[in-house]
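# A look at the structure
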Amino acid sequence: MGTFRHQLSDHYASLIQRTLVNKDPYAGKGIHGRIIKSGVHVGVFLMNNLMNMYAKTGFLADASQLFDEMPVKNASSWNTLISAYAKQGRVDHARHLFEEMPEPDSVSWTAMMVGYNQIGRFENAIRMLTDMLSSKVIPTQYTFTIALASCAAINTLDIGKKVHSLIIRVGLSNYTSVSNSLLNMYAKSGDLLTAESIFTKMKSKTTSSWNTMISMHMQCRRFDLALSQFEKMTDRDIVTWNSMISGYNQHGFDSESLLMFSEMQKSNNPSLKPDKYTLASALSACTNTNNLKTGKQIHCHVIRTEFDLSGAVGNALISLYSKLDINTAQKILERSKTSKVNIIALTSLLDGYIKKGEMGPARRIFDTLVDRDVVAWTAMIVGYMQNGFNNEAIDVFKSMIKSGSKPNSHTLAGILSVSSSLASLNHGKQIHSVAIKSGNGSSVSVCNALINMYAKSGSIGNAKRVFEIISGEKDSISWTSMVISLAQHGHGEESLKLFEKMLTFGIKPDHVTYVGVISACTHMGLVDTGRGYFKMMRERHGIEPTLSHYACMVDLLGRSGKLLEAYDVIKNMPIEPDVVAWGSLLSSSVVHKNVELAEVAAERVLLIEPDNSGAYSALANVYSVLGKWDESAKIRKRMKIKKVKKDQGSSWVQIREQVHVFGAEDGVHPERDGIYEMMREIWKGIKKLGFVPKTEVVLHDLDEEVKEEILMHHSEKLAIAFGLMKTPKNSSLRIMKNLRVCKDCHSAIKFISKLVGREIIVRDATSQEHICSVCIQWGKVESHRIFRLQASFWSKFLYSLQSLFLSKASILSKKVYRFNSTAGYRSPSDFISITDNSNYGVLFCFYLLLKKVILQVLKWEDIEVGDPKEGEIRVKNKAIGVNFIDIYYRTGVYKVPEIPYIPGAEAAGVVTAVGSGVNNLKIGDVVYHSGRPMGTYMEEQIISAEKAIPLPPSVDPLVAASAMVKGLTARFLVRTWFKVEQGHTVLVHAAAGGVGSLLCQWANILGAIVIGTVSTKEKALQAKEDGCHHVIIYKEEDFVTRVNEITSGQGVEVVFDSVGKDTFEGSLACLKPRGYMMSYGQSSGTPDPVPLSALAAKSLFLTRPSLRTSGISKDEMREAIEDVLDKVGSGALRVRVNHTYPLSKAAQAHADMAGRKTSGSIVLMPDGSSS
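Computed from a predicted model, the values in this text were never measured in an experiment.

### Remarks on the overall build of the protein
A tally of regular secondary structure across the protein gives 53 helices and 21 strands. Of all 1171 residues assigned to the protein, the portion counted as buried reaches 50%. Per element, the accessible surface of the protein, about 55800 Å² overall, is 52% carbon and sulfur.

Written out as structure tokens, the structure is:
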């Protein structure tokens, strides 16, 4: 009976397995019902089969229920359910079961790895292998194939090699599946040699092995090897053909891709049918080669075989027809459901309409897109831009930002081109901000567009800054854009220097670069140099001159008065001269009043463009200049007969997002009366400054007064007048004009800029086609706000008065005040008793009164920072050190030669620009530096690159700015001047102060015994932390007595910072013969309290040693700075920053320090920084 039941159980298990083969889950459920009804004993084997059937047919809940009901479970039971959960992506459920399983075997571990691999958690899959080995479970070949697949997915070659080593140790390397997995891992990780070695050693190669090698060779562009292995294969499957077809297509060999597709079709293998990857790649190749005929043939095949168009194939068809037959593309789209067409296909259709200039249909398609990607947004923006709809392009960009979609470099480059066309600096700056926030601010393509935008908007300084911050290697477009921009802005010399620098970097110029270079020579009148570059272009770089280059040469020669030579260039051109070349000659002939050449040039221009109004006007003008009014009138009459209309000059200015357009003698603008009145006031003002109207540019036979009235109402002048009325006083003013700015306006605008103190930028649009615009800029360049100690008349008077008293000290000592001959104090605070009515005494009283009532303050001042020159860098400071020396300088106690170092000299910041010849620093480096202009706290400044020390990442700029000068001083004191050694004893007053604290630490590092004096218990704790072995609170005990106790009456080798008469005598008593005593920081704010003669008999006395005047070489100084930074970074030197102020509160910082509300060292930080 038992045997029968066992056979029946096996029979049911067999039936269940058959349902899986037949993929009939409901038959399996029926069998399960019969089992229950028959009362057959359901053992573990049958239960496992039932559970497996439910799991593999999608009834995972039923499988889980069976598992829970099983009274006895074996490893297969656990593995079945774990594998089911893992394969369905429910890895957390699988992991829960896995952890409950009594003894997971290799199948369990492998199932978990499969689950992690399928959901893309490849690191977890690899970690499972590590844990498996730790659990002493031996992996199988299937385990290794999954592990290697995970390594290949994330390109972890190092781990993959370790897995390979393990495979060899366990003896599984001969399994074909494992070898294929190794092959795949090495191929995808880029280790071609190892992959080839494995492939060569494989005893049994499958189709998959060959396919992997072919795919690897194709990805590495080794097409000959791929083709060779393809031809050696005897059993090719669809993957083999796809590897070749898609590989050629992806790397631009579209003709080869189509040829391979044709070979596949000719193979007559009934089992070899193109799949979606085959057809999509072939259609892509047709699109790239504009091969509509073959594309239609593939389309016919798709229709004939009723291939599904909802995926990649349908999208590829739409892309093909969007480019080559847009009407058919539209029909395919209409027949498909929009949801089945991906964004790429719709964007292709969108791009097709844009290229035809049909923005209406393009916009309708764009509006139907629900999930627009960055490509769709970019296509729409660029489409509007290319078709001249600049405002619409800006609106789409704004919508993109509002939608939360992030622009990429292509989007930003496109919208920046719009801003360039509009010369809209405000829009351009906003887009620059978006670029920075999106992480594209330093990409090459965006920076190139930014250079162009800033240059066309008249901000050449910003263009140069952008050029400097380009990340990675600048391409030829970057260099060319900057060369041309500098040339257009009149910076010809700088343009040529940049071109030469470009050549030294090995960047090959193109024909556009040489247009900019020759234009720069034109602006500077460098005829021979221009000729040289024209020759270099041909002989050195193999660039054949184009019409643009010849036109530039004509312009170069013509402007310099070499008209006949310019004419010869045109006559000897190997290509037919165009309007630009003849127009340049015509313009030069007019300027130099050469009627004969002007007539020839005008005639040739009119032959090419009969309706060219410029040629008629130029010819009429040259006649007018020479007084040939009848000839001029004939030309104008001829224009009238031929109905040739002269281009009307107009200028415009953008105020609060609105563009205001003006014509000459404009009487339409609603604020006409106010504008004209403003212009009259300006005219009077500039004439007082010396402006003389250039009435000769009015080429009509009129009275001078009438000519002057006409000049006063030129469109650009009216636009400037309106702009001055409507914009803030200190803002820049940008004007656009559609024609060339005349000589009178050019001169007048210079005077207007001087009159109103404003930066005025005018851009005209009359340059040749290879140069988009010419920008003329007057007035000041962009400035940065800085704090500068203002030296007023009264402060200078006070200082002079004080100097007088100090210089007369020996004379006045008996007559005016009680002079302490023992200590020799020379301070105004010691002028304590007036003994007679001398004039000096009265004057001194007046001095004291003035010193109390006159307060100096720090004021904002706009100073031009500019760009670094050769050997210089520009630094944006993050932290600026300030100390009592700054206060003494401001109050007149110290003058320049007396102070130990320049006030506010130390700072740390980020390099924002690098001048030529600087190789050790780059933009973005954080550096420490010193030596700013006297009494100045600058947010950004130019310094010599030699003075900048790279700041280690471990050192906070805040700490560096606070500690460096004090750290250097302490280091040189203990090492160079005091020569402190192990066993020495050092007495440091104010041991918790700035220099005192660091000197204690340095002395401790050198092995000295350090005694420190402080004023409070809190500072005593700080001094202990800083390395003081003995701390004396001098308000509570006599420091001389304590020092004698500590040293057993022997005294100390060094005394630091004896700050006044209350400690001087005691410090001198503690000092050993021939010891060192030094006074550095005078908390009383006075000059030296002790003359050198007072100590000559006993000690060597150093008074405020200056690091600049102590015979220290640059190399020694640099070594010392690096030593300080290293010790601060490692924690060997501790620095406390107790007080920070925003840079804008520098005046308050000074007041608080002077009033003893802060310690003797604080740090200023640019507004917006955080400490």
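Additional details are given in the paragraphs that follow.
### Considering the environment of Tyr 248
Tracing the chain through its elements places Tyr 248 in helix 15 (residues 238–250). Since its relative accessible area comes to 7%, Tyr 248 is described here as buried. Sequence separation between Tyr 248 and Met 260 is 12 residues; the distance between their C-alpha atoms is 8.9 Å. Excluding residues that lie within four positions of it along the chain, Tyr 248 makes contacts with Met 218, Phe 223, Leu 227, Phe 253, Asp 254, Glu 256, Ser 257 and Met 260.

### Some remarks on helix 4 (residues 60–69)
Residues of helix 4 that are buried: Leu 60, Ala 63, Ser 64, Leu 66 and Phe 67. Projected onto a plane normal to the axis of helix 4, the buried residues spread over an arc of 160° and lie on a single side. Along helix 4, exposed side chains directed more than 90 degrees from the buried face belong to Ala 61 and Asp 68.

### Let's talk about the pattern of salt bridges
Going through the model one piece at a time under the given rule, you end up with 25 salt bridges. Note that Arg 538 is salt-bridged to Glu 544, the shortest N-O span being 3.6 Å. Judged by its relative accessible area of 55%, Glu 544 falls in the exposed class. The residue Arg 1134 makes a salt bridge to Asp 1026 at a minimum N-O spacing of 3.8 Å.

### What to know about the confidence of the model for the protein
Confidence in the prediction of the protein, expressed as mean pLDDT, is 76, and 78% of residues score 70 or more. Contacts for the low-pLDDT stretch residues 893–904, under 50 throughout, to residues beyond four places or in other chains number 43 contacts.

### Points about unusual backbone geometry
With a phi close to 60°, Arg 221 is a non-glycine residue in the positive phi region. Mapping Arg 221 onto the fold places it in the loop between helix 13 (207–219) and helix 14 (223–232).

### A look at the packing of helix 7 (residues 106–118) against helix 9 (residues 141–153)
At a minimum axis distance of 9 Å, the contact between helix 7 and helix 9 shows a crossing angle of 25°. Taken together, helix 7 and helix 9 sit at an angle that is classed as roughly parallel. Crossing hand, helix 7 versus helix 9: left-handed. Residues Ser 106, Thr 110, Met 113, Val 114 and Asn 117 of helix 7 touch helix 9, and the partners they reach there are Tyr 142, Thr 143, Ile 146, Ala 147, Ala 149 and Ser 150. Looking at the contact of helix 7 with helix 9, its residues break down into six nonpolar, five polar and no charged.

### Focus on a negative patch on the surface
Side chains of Glu 696, Asp 703, Glu 704 and Glu 705 sit close together on the surface and give a patch of like negative charge. Inspection of the secondary structure puts Glu 705 in helix 40 (residues 704–712). Taking relative accessible area as the criterion, Glu 705 reaches 60% and is therefore assigned exposed.

### Observations concerning the nonpolar core
Soluble, globular proteins show a tendency: their nonpolar side chains are buried together. Ile 82 and Phe 499 are the most contacted members of the largest nonpolar core, which totals 191 residues. Ranked by residues supplied to this core, first place goes to helix 27 (residues 444–456) with eight residues. Sequence-distant contacts of Ile 82, defined by excluding residues within four places in its chain, comprise Ala 94, Leu 97, Phe 98, Met 101, Ser 108, Ala 111 and Met 112. Core analysis: the next-biggest nonpolar cluster, separate from the first, contains 43 residues, Val 955, Val 959, Ala 1023 and Phe 1056 among them.

### Details of the side chain of Lys 464
Note on placement: Lys 464 falls in helix 28 (residues 460–469). Residue classification places Lys 464 among the buried positions, given a relative accessible area of 15%.

### Some points on helix 27
Given a rise of 1.5 Å per residue, 13 residues ought to cover 18 Å, and the 18 Å separating the end C-alpha atoms of helix 27 matches this to within 8%. Restricting attention to buried positions, one finds in helix 27 the residues Val 444, Val 446, Cys 447, Asn 448, Ala 449, Leu 450, Ile 451, Met 453, Tyr 454, Ala 455 and Lys 456. At the exit of helix 27 stands Gly 458, carrying a positive phi of roughly 90°.

### Some thoughts on the side chain of Asn 390
Inspection of the secondary structure puts Asn 390 in helix 24 (residues 390–403). Looking at Asn 390, the relative accessible area reads 16%, which means it is buried. When sequence neighbours within four positions are dropped, the list of residues in contact with Asn 390 reads Tyr 384, Met 385, Val 418, Ser 421 and Leu 422.

### Notes on a nonpolar patch on the surface
On the surface, Leu 689, Leu 755 and Val 756 cluster together into a nonpolar patch covering about 200 Å² of accessible area. With respect to the helices, strands and loops of the structure, Val 756 is situated in helix 42 (residues 743–756). For Val 756, a relative accessible area of 31% gives the class partly exposed.

### Brief notes about the environment of Ser 731
Mapped onto the fold, Ser 731 is located in the loop between helix 41 (715–726) and strand 3 (733–737). Classification of Ser 731 by relative accessible area gives partly exposed; the value is 22%. Each C-alpha atom of the pair Ser 731 and Ile 760 lies 9.2 Å from the other, and the pair is 29 residues apart in sequence. When sequence neighbours within four positions are dropped, the list of residues in contact with Ser 731 reads Arg 758 and Glu 759.

### Some words on the pairing of strand 4 (residues 760–764)
For strand 4, the tally of buried residues reaches five of five residues, placing the bulk of the element in the interior. The side-chain alternation of strand 4 yields two buried faces, one formed by Ile 760, Val 762 and Asp 764 and the other by Ile 761 and Arg 763. Of the strand pairs in this sheet, strand 3 and strand 4 are connected by five bridges, and their pairing is parallel. Bridge assignment links Lys 737 to a residue of strand 4, and that residue is Asp 764. Read as a crossover between parallel neighbours, the route from strand 3 over helix 42 to strand 4 is right-handed.

### Let's talk about the pairing of strand 1 (residues 650–655)
Where strand 1 and strand 2 (residues 658–663) come together, six bridges link them in antiparallel fashion. The partner of Ile 655 across the bridge, within strand 2, is Gln 658. Across two bridges, the pairing between strand 1 and strand 3 is antiparallel. Residue pairing across strands places Ser 651 opposite Lys 737, the latter belonging to strand 3.

### Here we look at the environment of His 299
Looking at where His 299 falls in the secondary structure, it is placed in helix 18 (residues 292–304). The class for His 299 is buried, based on a relative accessible area of 13%. For the pair His 299 and Val 313, spaced 14 residues apart in sequence, the C-alpha separation works out to 9.3 Å. In contact with His 299, not counting residues within four places along its chain, are Leu 317, Tyr 321 and Ile 332.

Conventions we followed
Residues numbered from 1 in each chain as written. Predicted model: local features only at pLDDT ≥ 70, side-chain atom pairs only at ≥ 80, totals over all residues. Heavy atoms only, no water. Helix = DSSP H or I, 4+ residues; strand = E, 2+ residues; numbered from the N terminus. Buried < 20%, exposed > 50% of the residue type's maximum accessible area, 1.4 Å probe, protein only. Areas by Shrake-Rupley, 256 points an atom, 1.4 Å probe, with all protein chains shown as cover. Contact = heavy atoms within 4.5 Å. Arc of directions from axis to C-beta. Salt bridge = Lys/Arg side-chain N within 4 Å of Asp/Glu carboxyl O. pLDDT = per-residue confidence, 0-100. Axes fitted to C-alpha atoms, helices over the stretch in contact; angles between N-to-C directions. Parallel < 35°, antiparallel > 145°, perpendicular 65-115°, else oblique. Left-handed = near helix turned anticlockwise from the far one by under 90°. Nonpolar A, V, L, I, M, F, W, Y, C, P; charged D, E, K, R; others polar. Patch = residues over 30% accessible without salt bridge, like charges linked within 9 Å, V, L, I, M, F, W, Y side chains within 5 Å. Lys, Arg positive; Asp, Glu negative; His and termini not counted. Charge placed at Lys NZ, Arg CZ, Asp CG, Glu CD. Core = buried A, V, L, I, M, F, W, Y, C linked by side-chain atoms within 4.5 Å. Expected span 1.5 Å × (residues − 1). Pairing = 2+ DSSP bridges. Right-handed = clockwise from strand over helix to strand, strands pointing away.

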